[in-house]
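Reading the structure
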Amino acid sequence: MDPVSNPEKDPGEVVCEARPAAGVELMTPREVPLGGPRAMAVRRTLPQRHRSLIGAWCFLDHYGPDLVSESGGMEVAPHPHTGLQTVSWLFTGEIEHRDSAGNVAMVRPQEVNLMTAGRGISHSEVSTPGTTVLHGAQLWVALPDAARDTDPGFQHYAPEQVAGEGWRAHVFLGSLLGDSSPVSTFTPLLGAELVLDPGATVRVPVDPAFEHGVLVDLGSVTVGDLDAKVADLAYVPTGAEEICLVAGDEGARLLVLGGPPFGESIVMWWNFVGRTHDEIVEYRAAWQAQITDPATGEVLPDSRLVAAGRFGVVPDQALRPIPAPGLPNARLKERR
């Protein structure tokens, strides 16, 4: 039930391509259940049919606050990724991350975990026994063609709070409001949590070469001339030198994302980002071959998994890996 994975039974093909916009747009989420009968419901605002990328950001799930006693918590077994970076940001709760590059780390509120899949990685995420409420966002960043076969890797960073009149912020990627993150990315990116006092008006200077997205986590805010409520994503096209934010009477907590238009088309299916149908078929086949018994087709227990292969093996994780769903009958489309 972790939105960094996409364990939908029949995931649809997503063809991603940046498109121009005349002004600020309001993007509303759709609810997606992840996992089994006690599935955590997430609110997905990227990708959408009319807009799939904001900079290199290509996937945004927003979830919680969810009581673990009702949702069952997060227990996501090893699963693969290619051609992307995953970004985990929590407001409440704690999650243990393990990946096949040997990284073990905790995801905690106001601390970013960024995992580079590159040519291929597998990972698991499990909420800790002491977590009673889960609330956060999970995002993907598409890697540009020149970097998408890079080595897998992992970065963790806990940004200090910066503050001004009517606002407080944690900048976890890029630069904003006088602060910068040391986390490295393969395209210029912005990622920050911004908290506004009730009724505050804040003019946020931004790079006019970037397009931006403002996700409302709590409260409400006016972005330009559009009113956005919880789980809405306000899209701001390139050309803006500042974003004017006006908080509602209850204040607001936001995620501000951005980057220059990606300039490349991508094909995204399940947990893979590629460029063609055939690449996705190859990635899926490689994962299935790595985790299943060739004689029976059954998913292997961790004790029988072999570390060789594109995706490696998550260390000290007893959960059996997640098999890939079946591909659709039609070829996955590539749009250039």
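Scroll up to find the structure this text is about.
**What about the packing of aromatic side chains?**
- All told, the structure shown has seven aromatic pairs when counted by the stated rule.
- Look at phenylalanine 59 and tryptophan 140: their rings are 4.2 Å apart centre to centre, the planes differ by 20°, and that puts the pair in the stacked class. Linking phenylalanine 59 in strand 5 (residues 57–67) with tryptophan 140 in strand 12 (residues 133–142), this pair joins segments that are 81 residues apart in sequence.
- Centroid distance tryptophan 269 to tryptophan 270: 6.4 Å. Interplanar angle 55°. Geometry classified as tilted. Each member of the pair, tryptophan 269 as well as tryptophan 270, is classed as buried.
- What links up through ring pairs into an aromatic cluster is the set Trp269, Trp270, Phe272, Tyr283, Trp287 and Phe311.
- The ring centre of tyrosine 235 lies 3.8 Å from the NZ or CZ of arginine 51, which sits over that ring.

**Concerning the nonpolar core**
- Core analysis: the largest hydrophobic core is formed by 37 residues, its most contacted members being Trp57, Cys58, Val87 and Leu173.
- Contributing elements (two or more residues each) for this core: strand 5, strand 7 (84–92), strand 10 (112–116), strand 12, strand 15 (167–173), strand 22 (233–236), strand 23 (242–259) and strand 24 (266–269).
- A total of five residues in this core trace back to one element, the largest contributor, which is strand 12.
- Each residue touching valine 87, except ones within four places of it in the same chain, is listed here: Trp57, Val112, Asn113, Leu114, Ala137, Gln138, Leu139, Val141, Phe172 and Leu173.
- Core analysis: the second largest hydrophobic core is formed by 28 residues, Leu196, Val204, Val221 and Ala240 among them.

**As for the pairing of strand 15**
- Most of strand 15 is tucked away, with six of its seven residues classed as buried.
- Bridge count between strand 14 (residues 162–164) and strand 15: three bridges; the pairing is antiparallel. The residue of strand 15 that forms the bridge with valine 162 is alanine 169.
- Taking the residues that link successive antiparallel strands as the turn, the strand 14-strand 15 hairpin has two residues, and the phi of glycine 166 there is positive, at about 85°.

**Focus on helix 2 (residues 277–291)**
- Look at helix 2: 22 Å from first C-alpha to last across 15 residues, which is about the 21 Å you get at 1.5 Å a residue.
- Looking at helix 2, one finds that the buried residues are His277, Glu279, Ile280, Tyr283, Trp287, Gln288, Gln290 and Ile291.
- Close packing links the buried residues of helix 2 with strand 6 (75–81), strand 11 (121–127), strand 24 and strand 25 (272–274).

**A few points about the side chain of glutamine 48**
- Counting through the fold element by element, glutamine 48 comes out in the loop between strand 4 (40–46) and strand 5.
- Judged by its relative accessible area of 15%, glutamine 48 is buried.
- At 3.2 Å, the side chain of glutamine 48 and the backbone oxygen of threonine 45 are in polar contact.

**Brief notes about unusual backbone geometry**
- For the bond running from leucine 46 to proline 47, omega is 0°, close enough to zero to count as cis.
- Tracing the chain through its elements places proline 47 in the loop between strand 4 and strand 5.
- Cis geometry is found at the peptide bond from glycine 64 to proline 65, where omega equals 0°.
- With respect to the element layout, proline 65 can be found in strand 5.
- Its identity as a non-glycine residue notwithstanding, alanine 231 has a phi of 80°, on the positive side.
- With respect to the helices and strands, the residue alanine 231 is situated in the loop between strand 21 (226–228) and strand 22.
- The phi dihedral of tryptophan 270 falls on the positive side, at around 55°, and the residue is not glycine.
- Relative to the helices and strands, tryptophan 270 is located in the loop between strand 24 and strand 25.

Criteria and thresholds
- Residues numbered from 1 in each chain as written.
- Predicted model: local features only at pLDDT ≥ 70, side-chain atom pairs only at ≥ 80, totals over all residues.
- Heavy atoms only, no water.
- Phe/Tyr/Trp six-rings, centres within 6.5 Å; stacked < 30°, edge-to-face > 60°.
- Helix = DSSP H or I, 4+ residues; strand = E, 2+ residues; numbered from the N terminus.
- Buried < 20%, exposed > 50% of the residue type's maximum accessible area, 1.4 Å probe, protein only.
- Lys NZ or Arg CZ within 6 Å of the ring centre and 35° of its normal.
- Core = buried A, V, L, I, M, F, W, Y, C linked by side-chain atoms within 4.5 Å.
- Contact = heavy atoms within 4.5 Å.
- Pairing = 2+ DSSP bridges.
- Expected span 1.5 Å × (residues − 1).
- Polar contact = N/O pair within 3.5 Å; in protein donor to acceptor, adjacent residues only side chain to side chain.

Scope: geometric values only; no functional claims are made or implied.
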